[in-house]
Each structure stands twice: as C-alpha cells, then as structure tokens.
Amino acid sequence: MKNILVLVHDDDGQEARLQVAFDIVRAVRGHLTCVDVVTVPVFVGEYMGVGGDALLLEDEKARESRNAVALKARLEHEDVPYDWVDATGDPATCIRAAAKLADLIVVNRRLDGSWYPDMSEITGELVAKGRRPVMAVPQGASRLDLSGNVVIAWDGSDPAEAAMRAALPLLAFAASVTLLQVDDGSVKTPAVEAARYLSRHGIEASVQIEDGRGRKVTDIVRTVLASRTASYLVMGGFDHPRWVESMFGGTTDTMIDHSPVPVLLAH
C-alpha cells in the first residue's frame, strides 16, 4: 500500500479525511493524490430555471479555488509527497476515474448534520462499483492511530476476505487484531481460518465469536469496537446487492452512516 487517494472538497469532512490520509501516507511511506472535485448540489425550484445552475457552479468553482490555494500552501509544509488532480462532476465518478492506480481511497462516511455532499452515497458507490478499498472516516476524526487496536468484522464472505487482504499493510502496525465472527449459522469459512491466514503474514489475531441470534449485527460490532477501544474497523462491503441493503437496512449501509471509527471497506 503506497498510493493513497483522498477527496478534496470544501465541506465539513475535509479535515478528517486529510488527517487520516496523512497518517496512512506517513506510516507506509507512500504518496498522496489529492482529487479536488468541483460539483454542484441538486437544487429544485424556480431558481434553476433562470440560470441558477450556472450561478451555483460559479460559486462552487470559486470556493474550491480558494480551498485549493490554501491546501496546496499547507501541503508544502506537510511531510508527505503529493500530486493534485482537478475534476468537475459527480464526486464518485471523478474519484473512480482518478483511482485506477490507487491502493486506498480516503473519503467520509455520512457527514453528521450535513446533506451535501452526500458522503454516504459517494462511499457506497465507491465500495459497490469500484475496485479499490475505501477508508470511510467519521466527520470528527482527528487522526488514525495505526498502532492501536483493530477489529475485523468476519463473516467468511468474499468481500470480508477482500477487505482483510487489503488491510494487511495497515494491520502490520496494529497493537492487536480481533476477528469478530457473529455466529448465526451462515459462516462458511470460520474466523479461525482467517486467523491462520493472518499468522502467515506475521499478524497474530484473536478470535471473538458472538451469538447473533436475536441481535443486530451492527449493534454487536459497535459494542465490540467500544470494548476493544478500536482505532478502526475492517469489513467487507455489500455482501448483498446494494439496493437490498439500502431497503432493508444492511450492515454496510448502517456502518457507513453511523460507525464511530474509520471503516476500511472492500467489495
């Protein structure tokens, strides 16, 4: 893991994204790609019929231009090598286009108290349609303690395997790794096998099995995150089709919306 991509946009989650991306780049001695996206929020009303869309776009361009000037000046004093990509359009589409050679994408989970940009939708699109792991960061994150405790939500699925493999370079820094298996009778590849896999990479992981009958998986995950004082969570994204998860409140969508810690997701 050397090539880290971060979304640059003047919104309430930008500082959290940057701090987490900086921590990862410094730890892996990697390179940061900043993708600065100019986008216009969806606006419904008479304002749009009299050229309001063009005015909104100009306002967005001006704000992002000021944001870019400030961040580029700041980056000159950060100990991270970086490059800059300017893009205009849908954020998820722009990020996917710029991420062809990225090893990890850093965005936000849903922003608290802010509907624009729709980070839940952006993150969901990147996880479901992209081919790169995504680190979804809470708005209030001030850093990512890679030397802390990590929880892997393990269900034996292909996405869970993909997320664990993607996280290997970061897991090497962790003080402890816990494989959390919620036992509902559906896990085909048990967590003990995943622990053996990790051990061959020099990562010793403990296995915690919780009874999932009559309990929400997301409630169990959040309880374990708190009890382990976890720095971040690793989990597979959208084991079921995304529209199914959105309609019925799937684990991935719920954690994208409400995870108290950064979540590394892969599909």
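Not measured: the values here are computed from a predicted model.

Engineer: So what exactly am I meant to see when it comes to the pairing of strand 1 (residues 3-8) here?
Structural biologist: Where a strand is regular, its side chains alternate between the two sheet faces. The buried fraction of strand 1 is high, at five of six residues. Note that strand 1 and strand 2 (residues 31-38) share six bridges and pair parallel. Across the sheet, the residue bridging to N3 is H31, located in strand 2. In the sheet, strand 1 pairs with strand 4 (residues 104-108) via three bridges, with the strands oriented parallel. Looking across to strand 4, one finds that I4 is bridged to L104.

Engineer: I'm lost on helix 6 (residues 191-199) in this one. Help?
Structural biologist: For an α-helix, the turn length of 3.6 residues means that residues three or four places apart are oriented alike. Along helix 6, the residues that are buried comprise A191, A194, A195 and L198. Down the axis of helix 6, the smallest arc covering the buried residues is 105°, so these residues share one side. Buried residues belonging to helix 6 abut strand 6 (149-154), helix 5 (158-171), strand 7 (176-183) and strand 8 (205-211).

Engineer: Please explain the nonpolar core as it appears in this structure.
Structural biologist: Note that soluble globular proteins tend to have their nonpolar side chains buried in a common cluster. Of all hydrophobic cores here, the largest spans 51 residues; its most connected members are I24, M135, L179 and L198. Among the elements that make up this core, the one with the highest residue count is helix 5 (nine residues). If sequence neighbours within four positions are ignored, L198 has contacts with I152, M164, L168, L171, V177, L179, I203 and A205. Ranked by size, the runner-up nonpolar core spans 36 residues in total, among them A92, I95, V134 and V151.

Engineer: Can you help me understand the sheet that holds strand 2 in this one?
Structural biologist: Think of a sheet as strands paired side by side through backbone hydrogen bonds, with each pair either parallel or antiparallel. The sheet built from 10 strands is open, its strands ordered 3-2-1-4-5-10-9-6-7-8 with mixed pairing. Two strands bound the open sheet, and with one partner strand each, they are strand 3 (82-88) and strand 8. In this sheet, adjacent strand axes meet at a mean angle of 25° when their direction is disregarded. Two elements, strand 5 (residues 134-137) and strand 10 (residues 263-266), share three bridges in a ladder whose sense is antiparallel. By the bridge assignment, A136 is partnered in strand 10 with V263. Against the sheet, helix 7 (residues 217-227) touches strand 6, strand 7, strand 8 and strand 9 (230-236), its axis set at about 155° to strand 7. The strands that helix 9 (residues 251-258) touches are strand 9 and strand 10; relative to strand 9, the one it contacts most, it runs at about 150°.

Engineer: So what exactly am I meant to see when it comes to the pattern of salt bridges here?
Structural biologist: When the charged atoms of two side chains lie near each other, side chains of opposite charge can form a pair. For the coordinates displayed, the defined rule picks out 15 salt bridges. Ionic pairing is found between D11 and R17, a salt bridge with its closest N-O pair at 2.9 Å. Both residues of the pair, D11 and R17, belong to the buried class. Linking R26 and E78 is a salt bridge whose minimum nitrogen-to-oxygen distance equals 2.4 Å. One end of the pair, R26, is in helix 1 (residues 14-28); the other, E78, is in the loop between helix 2 (46-75) and strand 3, with 52 residues separating them in the sequence. Judged by its relative accessible area of 30%, R26 is partly exposed. Judged by its relative accessible area of 22%, E78 is partly exposed. One continuous salt-bridge network, built from bridges that share partners, spans E15, D23, R26, R74, E78 and D79.

Scoring rules and cut-offs
- In this numbering scheme, every chain counts its residues from 1 along its sequence in written order.
- Local features in this predicted model are restricted to residues of pLDDT 70 or higher, and side-chain atom pairs are both shown and tallied only at a pLDDT of 80 or more, whereas totals for entire chains, interfaces and linings draw on every residue.
- Side-chain metrics in this entry use all non-hydrogen atoms of the structure; hydrogen atoms and water are not considered.
- The rule is simple: take the accessible area with a 1.4 Å probe, protein chains only, and divide by the maximum for that residue type; under 20% is buried, over 50% is exposed, in between is partly exposed.
- Helix and strand definitions here come from DSSP, where helices need a minimum of 4 consecutive H or I residues and strands a minimum of 2 consecutive E residues; each element is numbered from the N-terminal end.
- Strand pairing follows a simple DSSP-based rule, namely that at least 2 bridges must link the two strands.
- This arc is taken over the directions from the axis of the helix to the C-beta atoms.
- Contacts between residues were defined by any pair of non-hydrogen atoms, one from each residue, lying within 4.5 Å.
- To form a nonpolar core, buried Ala, Val, Leu, Ile, Met, Phe, Trp, Tyr and Cys residues must be joined to one another through side-chain atoms within 4.5 Å.
- Lines fitted to the C-alpha atoms define the axes, with helices restricted to the stretch that makes contact. Angles between their N-to-C directions range from 0 to 180 degrees.
- Note on definitions: salt bridges are taken to be side-chain nitrogens of Lys or Arg within 4 Å of carboxyl oxygens of Asp or Glu.

So far we have only geometry, and geometry alone does not tell us how the molecule works.
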